[in-house]
Amino acid sequence: MAMTVRFPEEMDAQLGALAKRRHTSKHALLIEAADRFLREEVTTEEAVTIARGVADRYSELLKKLEDA
């Protein structure tokens, strides 16, 4: 799918410089960044779900420890 992305000048220059140093394109950098972001978000969501499950499962114990 085609998409147009407009970056502030400074960010575009930084992306251009990074792409040059890595001998790649800005497009490739943006694909990599999006992939990392999506994987990180999924990991964060999974961690929050697990933490909520633990809190629910052990809520009585946690309350007892809090009161101790």
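Residues numbered from 1 in each chain as written. Predicted model: local features only at pLDDT ≥ 70, side-chain atom pairs only at ≥ 80, totals over all residues. Heavy atoms only, no water.

## What about unusual backbone geometry?
Phase 1 of the analysis: Although it is not a glycine, H23 sits at a positive phi angle of roughly 55°.
Phase 2 of the analysis: With respect to the helices and strands, the residue H23 is situated in the loop between α1 (9–21) and α2 (26–57). (Helix = DSSP H or I, 4+ residues; strand = E, 2+ residues; numbered from the N terminus.)

## Structural notes on the layout of surface pockets
Phase 1 of the analysis: When its volume is computed, the largest pocket comes out at roughly 320 Å³.
Phase 2 of the analysis: Ranked by the residues each element gives to the lining of the largest pocket, the list is headed by α2, at four residues.
Phase 3 of the analysis: A per-class count over the lining of the largest pocket returns seven nonpolar, one polar and two charged. (1 Å grid on protein atoms, 1.4 Å probe; cavity = no way out; pocket = protein on both sides within 12 Å on 5 of 7 lines; lining within 4 Å. Points joined across faces, edges and corners; volume = space filled by probe spheres on them. Nonpolar A, V, L, I, M, F, W, Y, C, P; charged D, E, K, R; others polar.)

## As for the confidence of the model for the protein
Phase 1 of the analysis: Put simply, the protein has an average pLDDT of 90, and 100% of its residues get 70 or more.
Phase 2 of the analysis: Within the protein, no element has a lower average pLDDT than helix α3 (residues 59–67), which sits at 82, and none a higher one than α1, at 97. (pLDDT = per-residue confidence, 0-100.)

## Section: the pattern of salt bridges
Phase 1 of the analysis: This structure, assessed with the given rule, holds five salt bridges.
Phase 2 of the analysis: As a salt-bridge pair, E66 and K63 come within 3.5 Å of each other at their nearest N and O atoms. Remark: K63 and E66 occur in helix α3; sequence separation between them is three residues, near one turn of the helix.
Phase 3 of the analysis: For K63, a relative accessible area of 44% puts it in the partly exposed group.
Phase 4 of the analysis: Salt bridges here are not isolated pairs; linked through shared partners, they connect R22, E32 and R36. (Salt bridge = Lys/Arg side-chain N within 4 Å of Asp/Glu carboxyl O. Buried < 20%, exposed > 50% of the residue type's maximum accessible area, 1.4 Å probe, protein only.)

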